[in-house]
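Structural description and commentary
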Amino acid sequence: MAAYRYCEAVTALQARNFSYGIRLLPEAKRLGMSALYALARRVDDIGDGDLPPDRKAEQLLRTRDLLDEIRAGAVSEDDTDPIKVALADTARRFPIPLEGFDELIDGVQMDLQGAEYRTFEDLKVYCRCVAGSIGRLSLGVYGCEDTKLGAEYADTLGLALQLTNILRDLREDAENGRTYLPTEDLVRFGCEQGFALSKPATGADFTGLVAFEAERAQRCFEEGLRLLPMLDRRSRACTAAMAGIYHRLLARIAAEPESVLRGRVSLPGWEKAYVALSGLAGGRS
């Protein structure tokens, strides 16, 4: 179906880490995951784009309308929006919880409203929206022995991935006027000045802050990865590959905290491919 091919092209072009995992899935699940990613990418692009706030709000509302069309079974195969067509077909084939996309939109709206997070519990609400939601949507495609417990683990794994993203993007987010780490943590480590400079502010315990947040993310990885035995082999490999890439990224950040102030930390393509193959072989990286 041409709509799925479009979603696959979006995934291949824009998914830096996600695509390494979904390549390991059988075709039907791979196409379904591409449809999920393509709509999630659209929502993220609305939030990160250059449109004025009122236009962004309008586009997010249109996306909610799109989801309502899918729920109502009102999407025809000749619809001009390939992402809508592919996702509607995916929703017919798999029991995906479409409300996860509503949560993702909620998270983007929190960004647009300039939300700040005083405590870690506050931040967890945001992470559940923008990352845990994707994990729960993915479970609908994967299938899971225990959907309730699986959703809890997927949420926690999403939290681990998002905390890693937050650490990786500290400088970039600061330049865009955003700070995601909890205010209570910034105060504790003397980092209230933010992260707009390539070196920590005088007197700030930046290394201590990163170590604290990295340990928190590590605990979330350990908990969330309990999801793996609940999945079939190929879905387990896909999840292990994506989580493994972020897990290695976290280790790199923890080993050299100030690297995140100099630019985005990433893994080379060969290492991502190695992690993906390790996941297929049944290992964790």
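See the structure printed just above.
To continue, consider the overall build of the protein. Regarding its fold elements, the protein presents 14 helices and 0 strands. In the protein, the succession of helices and strands from N to C terminus is α-α-α-α-α-α-α-α-α-α-α-α-α-α. Taken against the 2.2 N^0.38 rule, which gives 19 Å for 285 residues, the C-alpha radius of gyration of the protein at 19 Å falls within 12% of a compact globule. In terms of its C-alpha atoms, the protein occupies a principal-axis envelope of roughly 60 × 50 × 35 Å.

Our focus in this paragraph is the environment of L197. With respect to the helices and strands, L197 occurs in the loop between α10 (183–188) and α11 (206–224). Along the chain, L197 and R262 lie 65 residues apart, while their C-alpha atoms are 8.4 Å from each other. Discounting residues that sit within four places of it in the chain, L197 has contacts with R171 and L261.

Taking 1.5 Å as the rise per residue, helix α12 (residues 233–255) with 23 residues should run 33 Å; its terminal C-alpha atoms sit 32 Å apart, in good agreement. The opening residue of α12 is D232, an N-cap whose side-chain oxygen sits 3.1 Å from the backbone nitrogen of R234.

Turning our attention to the packing of aromatic side chains. All chains considered together, the criterion is met by 5 aromatic pairs. A centroid spacing of 5.2 Å and a plane angle of 25 degrees characterise the contact between Y126 and Y180, whose relative ring orientation is stacked. Taken together, the residues span a long stretch of sequence, with Y126 in helix α7 (residues 120–142) and Y180 in the loop between α9 (170–175) and α10 at a distance of 54 residues. You'll find Y126 and Y180 in the same group, each marked buried. Between F189 and F212, the ring centres sit 5.6 Å apart and the planes meet at 45 degrees, which makes this aromatic pair tilted. Highlighted residues: F189 in the loop between α10 and α11 and F212 in helix α11, separated in sequence by 23 residues. F212 sits in the partly exposed class, given a relative accessible area of 22%. One aromatic cluster in this structure is built from Y117, Y126 and Y180. The lysine or arginine in question, R188, covers the ring of F212, its NZ or CZ lying 4.6 Å from the ring centre.

This part covers the layout of surface pockets. If you add up the space inside the largest pocket, you get close to 1,300 Å³. Lining the largest pocket are 44 residues, with D44, V130, Q162, N165 and Y246 sitting closest to its centre. If you tally residues by element for the lining of the largest pocket, the top one is α7, at 9 residues. Its residues assigned to classes, the lining of the largest pocket comprises 23 nonpolar, 10 polar and 11 charged.

Criteria and cut-off values
Residue numbers run consecutively from 1 along every chain, following the written order of its sequence. For this predicted model, a pLDDT threshold of at least 70 governs which residues receive local features, and a threshold of 80 or more governs which side-chain atom pairs are given and counted, while totals over whole chains, interfaces and linings are taken from all residues. To obtain the side-chain values, all non-hydrogen atoms of the structure were used and water was disregarded. A helix here means a DSSP run of H or I that spans at least four residues, while a strand means a run of E at least two residues long, and both kinds are numbered starting from the N terminus. As defined in this context, the radius of gyration uses C-alpha atoms, and a globule is described by 2.2 Å times the residue total to the power 0.38. Residues are treated as being in contact if the distance between any of their heavy atoms lies within 4.5 Å. How far a helix is expected to stretch is found by multiplying one less than its residue total by 1.5 Å. Pairing of N or O atoms within 3.5 Å defines a polar contact, subject to two protein rules: one partner must be a possible hydrogen donor and the other a possible acceptor, and residues neighboring in sequence count only if both atoms are side-chain atoms. Only Phe, Tyr and Trp rings are paired, with Trp represented by its six-membered ring, and only when their centres lie within 6.5 Å; those with planes under 30 degrees apart are stacked, over 60 edge-to-face, the remainder tilted. Each residue is assigned to one of three classes by its accessible area relative to the maximum for its type, calculated with a 1.4 Å probe on protein chains only: buried under 20%, partly exposed between the two thresholds, exposed over 50%. Both a distance and an angle decide whether a charge sits over a ring: NZ of Lys or CZ of Arg must be within 6 Å of the ring centre and within 35 degrees of the ring normal. Residues are said to line a cavity or pocket when one of their atoms sits within 4 Å of a point; the points come from a 1 Å grid over protein atoms alone, cavities being sets where a 1.4 Å probe fits but cannot get out and pockets being open sets with protein on both sides within 12 Å along at least five of seven lines. Grid points are joined across faces, edges and corners, and a volume is the space filled by probe spheres set on the points. Side-chain classes follow a simple rule in which Ala, Val, Leu, Ile, Met, Phe, Trp, Tyr, Cys and Pro form the nonpolar group, Asp, Glu, Lys and Arg form the charged group, and the remainder, Gly included, forms the polar group.

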